[in-house]
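# What the coordinates show
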Amino acid sequence: MYDDQKIEDAVLALLGAFEFDNGRAWKRFDFGVMQALAAKGLISEPMGRAESVHLTPEGLARAKALALQCFGR
């Protein structure tokens, strides 16, 4: 369903976008970006203790559409 190489490239691009200290990058997504997605109502609040967030119905629809657009075969 998805092109693995496109997904790897997208993750690498995200790591590059958020790198700091000459090549270090956090393993999780940038907290500011996660807060912005929550403020737009696309995901649940990312500040809790849970290791995951919940996509809202609007967020899930948009996420799936973007995944197909970016990574679809």
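Residues numbered from 1 in each chain as written. Predicted model: local features only at pLDDT ≥ 70, side-chain atom pairs only at ≥ 80, totals over all residues. Heavy atoms only, no water.

## Examining the overall build of the protein
Along the protein, the regular secondary structure elements total three helices and zero strands. The order of α-helices and β-strands along the protein, N terminus first, is α-α-α. Reported as C-alpha extents along the three principal axes, the dimensions of the protein are approximately 35 × 35 × 20 Å. Relative to its 73 residues, the protein shows a buried fraction of 12%. Restricting the contact set of the protein to residue pairs at least 6 apart, pairs at least 24 apart contribute 33%. With the model as given, the accessible surface of the protein reaches about 6100 Å², and the carbon-plus-sulfur share is 60%. Across the protein, the 9 positively charged side chains and the 10 negatively charged ones have centroids separated by 4 Å. (Helix = DSSP H or I, 4+ residues; strand = E, 2+ residues; numbered from the N terminus. Buried < 20%, exposed > 50% of the residue type's maximum accessible area, 1.4 Å probe, protein only. Contact = heavy atoms within 4.5 Å. Areas by Shrake-Rupley, 256 points an atom, 1.4 Å probe, with all protein chains shown as cover. Lys, Arg positive; Asp, Glu negative; His and termini not counted. Charge placed at Lys NZ, Arg CZ, Asp CG, Glu CD.)

## Focus on helix H2 (residues 31–39)
With a side-chain oxygen positioned 3.1 Å from the backbone nitrogen of Gly32, the residue opening H2 is Asp30. Among the residues trailing H2, Gly41 stands out with phi positive, at a value near 80°. (Polar contact = N/O pair within 3.5 Å; in protein donor to acceptor, adjacent residues only side chain to side chain.)

## With respect to helix H1 (residues 4–17)
In a regular helix each residue adds 1.5 Å, so 14 residues correspond to 20 Å; H1 covers 20 Å between its end C-alpha atoms and thus fits that length. The N-capping residue of H1, defined by a side-chain oxygen 2.9 Å from the backbone nitrogen of Gln5, is Asp3. (Expected span 1.5 Å × (residues − 1).)

## Some thoughts on a nonpolar patch on the surface
A cluster of nonpolar side chains, Leu14, Phe18, Phe29, Val33 and Leu37, forms an exposed patch at the surface whose accessible area comes to about 400 Å². Residue placement: Val33 occurs in helix H2. (Patch = residues over 30% accessible without salt bridge, like charges linked within 9 Å, V, L, I, M, F, W, Y side chains within 5 Å. Salt bridge = Lys/Arg side-chain N within 4 Å of Asp/Glu carboxyl O.)

Purely spatial values, then, with no claim about function.
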